[in-house]
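# A structural walkthrough
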Amino acid sequence: MDDIETFRDLFGPPVVRSLLDWEALLRLRPAVTTQVMVSAESIGGLRTTWYLDETGAGEVDYATSSCPPITVAEAAARLHDLDPARQRHLDATARHLGTQAILAPLYRLNHHDLLILDGNHRLVAAYLRGTEVRVLAMILHGPLDPQVLPDLAFWAPGH
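Right, let's walk through the structure included here. (Residues numbered from 1 in each chain as written. Predicted model: local features only at pLDDT ≥ 70, side-chain atom pairs only at ≥ 80, totals over all residues. Heavy atoms only, no water.)

## Comments concerning the nonpolar core
Met 37, Ile 43, Leu 46, Leu 106, Leu 123 and Val 135 are the most contacted members of the largest nonpolar core, which totals 24 residues. Only helix H4 (72-77), strand S4 (102-108), strand S5 (114-116), helix H6 (120-129) and strand S6 (135-141) provide two or more residues apiece to this core. The element contributing the most residues to this core is H6, with 4 residues. Ignoring any residue separated from it by four or fewer positions in sequence, one finds Ile 43 in contact with Met 37, Val 72, Leu 123, Ala 126, Tyr 127, Val 133 and Val 135. If you look at the next biggest cluster of nonpolar residues, it comprises 21 residues, including Trp 22, Ala 24, Tyr 107 and Leu 152. (Core = buried A, V, L, I, M, F, W, Y, C linked by side-chain atoms within 4.5 Å. Buried < 20%, exposed > 50% of the residue type's maximum accessible area, 1.4 Å probe, protein only. Helix = DSSP H or I, 4+ residues; strand = E, 2+ residues; numbered from the N terminus. Contact = heavy atoms within 4.5 Å.)

In structure tokens form, the structure reads like this:
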């Protein structure tokens, strides 16, 4: 099992741009585990930090969305609903995505849901490719507290 210091050394600012409260995580010392994923199917259910409006009006941020973050598979299926700049970034990422493994920091949400903290574009591009993908996931088992990460509001107790 890895530790929070190793996780921070690999993914701390400026790598992870999600609004993680690193000080709280270092104080709480949550567990970090690793998992290997080897198929596009295995990453399809990962949750991105992207949100789509329920009415089909396009992307919104976590503070204005009443929906949980979309999955990698949902992002791939609804490319046309994503912001045009994000679509261009995905296209460029897909063109340059090699066969190397993707190192992905994730946050454990419950027994089966994981939230991508960094690498959304690479993971969606790999999923779109539909071929074998190798992902080394480092999974942070932190509290479901929106004070630690605002995106956690959808999984926080009492939500």
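## Here's the deal with the layout of surface pockets
For the largest pocket, the calculated volume is near 460 Å³. Along the wall of the largest pocket there are 20 residues; nearest its centre are Arg 17, Ser 18, Thr 49, Trp 50 and Asn 120. For the lining of the largest pocket, the secondary structure elements donating two or more residues are strand S3 (59-60), helix H5 (84-96) and H6. (1 Å grid on protein atoms, 1.4 Å probe; cavity = no way out; pocket = protein on both sides within 12 Å on 5 of 7 lines; lining within 4 Å. Points joined across faces, edges and corners; volume = space filled by probe spheres on them.)

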